[in-house]
Structures are given as structure tokens and as C-alpha cells.
Amino acid sequence: MRKLACAIGVCMLLDFVWHYPLIRQCLIRGKSSKVDNRRITEQIGSLGGLFLRTTLLITSAIVLLYVRIFVLAGGPPTFQPQENPPGFSNSTLTKVLSYNYVYSLNAWLLLYPDWLCFDWSFGCVPLLTSLTDPRNVASLLLWLVLLALSLKILSGPWSGTKVLVSEGLALMITPFLPASNLFFLVGFVLAERVLYLPSAGYCILVGLGLYLIDRKWAWLDNIMFPLMLFTVLAFVMKSIQRSSDWKDEYTLFYSGLAVCPLNAKVHYNVGHKLASNGSLLEAEQYYRQAVQLYPDYGDALNNLGNLLKDKGESRSAEELLEKAVKS
């Protein structure tokens, strides 16, 4: 459902990008002279297909929205605070700063996809509560880049370069909007899967940038090719390494420890897998770490309590199990 909504949004934006010169021409002529009214009428008539397609796409989006509401029995899904901590914060400043930092993390993962984790909840990304937090610099840089690209599009005559920049931004931003927490709360802080479609727009911008650099500074050819070859090989090696992380559940869960050591769910999953393999002493350590990071983690409390019960530590097990029931 979300992918269909993204596709609808992308189609609408790309349609407007391709027709933007004609729309802009109609607006400029409409303001400058009344003599060109017939010409303006002809141009507006040629935009009929655009408005018809837009109407059909908006109608489809509304139908999808009602179907989604019907599937969910008339209400939105419910989430827990640990799944999306900024969304449950009582401070507007914390929400704004934290979500903007999350946007910059998404942009960084497109640029340098090294910091990857199967789950980003449970405090993996600590909240930003102050304007003095140094992480705000990343958010500021992201918005400056987007502003520079937007000004590039809006200033001067329309050109093929501006079409590609517009398409790249449309493909990069529009599919990400449903996961941005701008319109409704989602059940995660950051999820790498939502970057699959935006990566297409990112590739357009990178390709265009390399082309413009080559056209303006031809002498860089001897540097650009080795650099691009090194980048491709580095990404191939990273893909191989990441594929090995997905070999089985244990390697996937364990790989998350290096990226999100503050994520209680990562510690719990590692402990649960170790316990199922019979490594109870190691599992106990990870369960305890999960409870230390998130004291009200019901699943971790329950599993740790049962593990201690089997070890004969009845009193400690009883306390943990009682706390698990209340959490």
C-alpha cells in the first residue's frame, strides 16, 4: 500500500516536472499581456491531459486511503514509545530536532551505506533535546544542500540539467515522505528499506554531478575514473560483507551490536538466539544488558526470569517475571 502511494506521488511530480516549462510560460504570459489570451488558452488546453492524469492519480490515492482505513478497522495502527521515541516526546523542539537528524542519517546512508542495522528502535538514535547538540550540524548541512538544489531549479531559464535535478529530487524525496513522520506517526525511527526508491533519485543526482564535473573540468578525467572504480569496488565488497551478515539470524542480530549498542532489542535478539542454541550463560548476559538498557522490556524480563528459574534462582526469577507481567 505504501509503495503504491509512493508510485502515485512520484508519477504526479514527474508529470509536473515535464510540463513545468509550459505551466511557467502560461503564467508569465498571463501576467504580462492580454493580447496573448488566445495563445494562453491554447496552451492551457494542451495541459488538459496533465490535469486529467493528476485527477485520476489523486482519486486513486483517496481510494487507497479508504481501503487502508477499512483494512485497519477504521483506525490507525498503534505503536509503542520504544519503536519511535521522537514521536512520543512531549517536547516539540525534541521532535523537530530528532526527526531532522534522522533525515540527515537517511541522506548519509545513501551517500555512505556502511552504518547498517536490522533494527533502529529502542534508543538506537538518541533524542536531540537541545539546539547546542553537535548533531544539529548534520541536519543544517542537509537543508543547505536541498536549498541549493532548489534554488538551482527555480533560478534562470529551464534546461535539461534542471529537468534531471528535479527528477532526482522528486524520486529521492517523494517516496520517503510516507516514512518521514510529517503526516502521520510510523512504527520506526529509521528503516533502510524506505531508501530503496529514493536511491534511484540519488543515483540520478550523482550521475548528473559527475557528468557536469567532467564537462567543466576535463582534466579531471585521469582522476575521476580511478576514483569511480575504487568506489564501485568498495561498494561491491560492502555488499558481499553485508550479505554475509544475513547468512542466518545470529549473524544478522550480532552485526547490529556494532551499529546500535544502545538498542535493547538487538541485545535481546542475540540473547534469544544464543538461548535457543543452548548457550545459556552468554544469553543471560545479553538479556541482562537488554533489561539494563530498557528496564520495562517485557520480553527480555520474561526470558531472563525463565532462564534464572531454570538455574534455580527462584527469588530473582519471581521478581523479574512479576515485573514482566506489569510492563
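That block above? That's the structure.
Scope of this entry: the structure provided in the associated data block.

Thresholds, definitions, all that
- Residues numbered from 1 in each chain as written.
- Predicted model: local features only at pLDDT ≥ 70, side-chain atom pairs only at ≥ 80, totals over all residues.
- Heavy atoms only, no water.
- Axes fitted to C-alpha atoms, helices over the stretch in contact; angles between N-to-C directions.
- Helix = DSSP H or I, 4+ residues; strand = E, 2+ residues; numbered from the N terminus.
- Parallel < 35°, antiparallel > 145°, perpendicular 65-115°, else oblique.
- Left-handed = near helix turned anticlockwise from the far one by under 90°.
- Contact = heavy atoms within 4.5 Å.
- Nonpolar A, V, L, I, M, F, W, Y, C, P; charged D, E, K, R; others polar.
- Patch = residues over 30% accessible without salt bridge, like charges linked within 9 Å, V, L, I, M, F, W, Y side chains within 5 Å.
- Areas by Shrake-Rupley, 256 points an atom, 1.4 Å probe, with all protein chains shown as cover.
- Salt bridge = Lys/Arg side-chain N within 4 Å of Asp/Glu carboxyl O.
- Buried < 20%, exposed > 50% of the residue type's maximum accessible area, 1.4 Å probe, protein only.
- Expected span 1.5 Å × (residues − 1).
- Phe/Tyr/Trp six-rings, centres within 6.5 Å; stacked < 30°, edge-to-face > 60°.
- Lys NZ or Arg CZ within 6 Å of the ring centre and 35° of its normal.

The subject of this paragraph is the packing of helix H4 (residues 92–111) against helix H5 (residues 136–154). Relative to each other, H4 and H5 sit at 65 degrees, their axes nearing to 8 Å. Comparing the axis directions of H4 and H5 gives the class roughly perpendicular. By crossing handedness, the relation of H4 to H5 is classed as left-handed. Residues Leu97, Asn100, Tyr101, Tyr103, Ser104 and Ala107 of H4 touch H5, and the partners they reach there are Asn136, Ala138, Ser139, Leu142 and Trp143. Considered class by class, the residues forming the contact of H4 with H5 number seven nonpolar, four polar and no charged.

Below, the discussion takes up a nonpolar patch on the surface. Together, Val137, Leu140, Leu141, Leu144, Leu147 and Leu151 make up an exposed nonpolar region whose accessible area comes to about 580 Å². Relative to the helices and strands, leucine 151 is located in helix H5.

Quick look at the environment of tyrosine 250 now. Note that tyrosine 250 resides in helix H9 (residues 249–259). Expressed as a C-alpha distance, the spacing of tyrosine 250 and asparagine 269, which sit 19 residues apart in the sequence, is 8.2 Å. Every residue in contact with tyrosine 250, bar those within four places of it in the chain, is listed here: Val270, Lys273 and Leu274.

Let's shift gears to the pattern of salt bridges. One pass over the structure, following the stated rule, counts nine salt bridges. Lysine 265 is the partner of aspartate 119 in a salt bridge, and the nearest nitrogen-oxygen pair spans 3.2 Å. Residue aspartate 119 is found in the loop between H4 and H5, and its partner lysine 265 is found in helix H10 (residues 264–276); the two are separated by 146 residues along the sequence. A relative accessible area of 12% places aspartate 119 in the buried class. Between lysine 273 and glutamate 249 there is a salt bridge, with its nearest N and O atoms 3.1 Å apart. Here glutamate 249 lies in helix H9 and lysine 273 lies in helix H10, a separation of 24 residues in the sequence. Classification of glutamate 249 as partly exposed rests on a relative accessible area of 45%. A cluster of three or more residues bridged by salt bridges with shared partners is formed by Glu284, Arg288, Lys311 and Glu313.

Another aspect to go through is the side chain of asparagine 100. Within the element layout of this structure, asparagine 100 appears in helix H4. If we ignore the near neighbours within four places in the chain, the residues touching asparagine 100 are Ser139 and Trp143.

In this section: helix H6 (residues 160–173). With 14 residues, H6 ought to run about 20 Å at 1.5 Å a step, and its terminal C-alpha atoms sit 20 Å apart, in line with that. The buried fraction of H6 amounts to 10 of the 14 residues, a majority that puts the element mostly inside the structure. Within H6, the full set of buried residues consists of Lys162, Val163, Val165, Ser166, Glu167, Gly168, Leu169, Ala170, Leu171 and Met172.

One pass over the structure, following the stated rule, counts 10 aromatic pairs. For the pair phenylalanine 122 and tyrosine 294, a centre-to-centre distance of 5.4 Å together with 85 degrees between the ring planes defines the contact as edge-to-face. Placement of the pair is phenylalanine 122 in the loop between H4 and H5 and tyrosine 294 in the loop between helix H11 (280–293) and helix H12 (298–311), with a sequence separation of 172 residues. In textbook terms, an aromatic cluster arises when at least three aromatic residues are bridged by ring pairs, as seen for Phe122, Tyr268, Tyr287, Tyr294 and Tyr297. Of note, arginine 135 hangs over the ring of tyrosine 101, and the distance from its end group to the ring centre comes to 5.1 Å. Between the NZ or CZ atom of arginine 193 and the centre of the ring of phenylalanine 188, over which it lies, the distance is 5.0 Å.

With that out of the way, let us pick up H11. The terminal C-alpha atoms of H11, which comprises 14 residues, lie 20 Å apart, in line with the 20 Å expected from a rise of 1.5 Å per residue. Of all the positions in H11, only Ala283, Glu284, Tyr286, Tyr287, Ala290 and Val291 are classed as buried. Of the surrounding secondary structure, the elements contacted by the buried residues of H11 are H9, H10 and H12.

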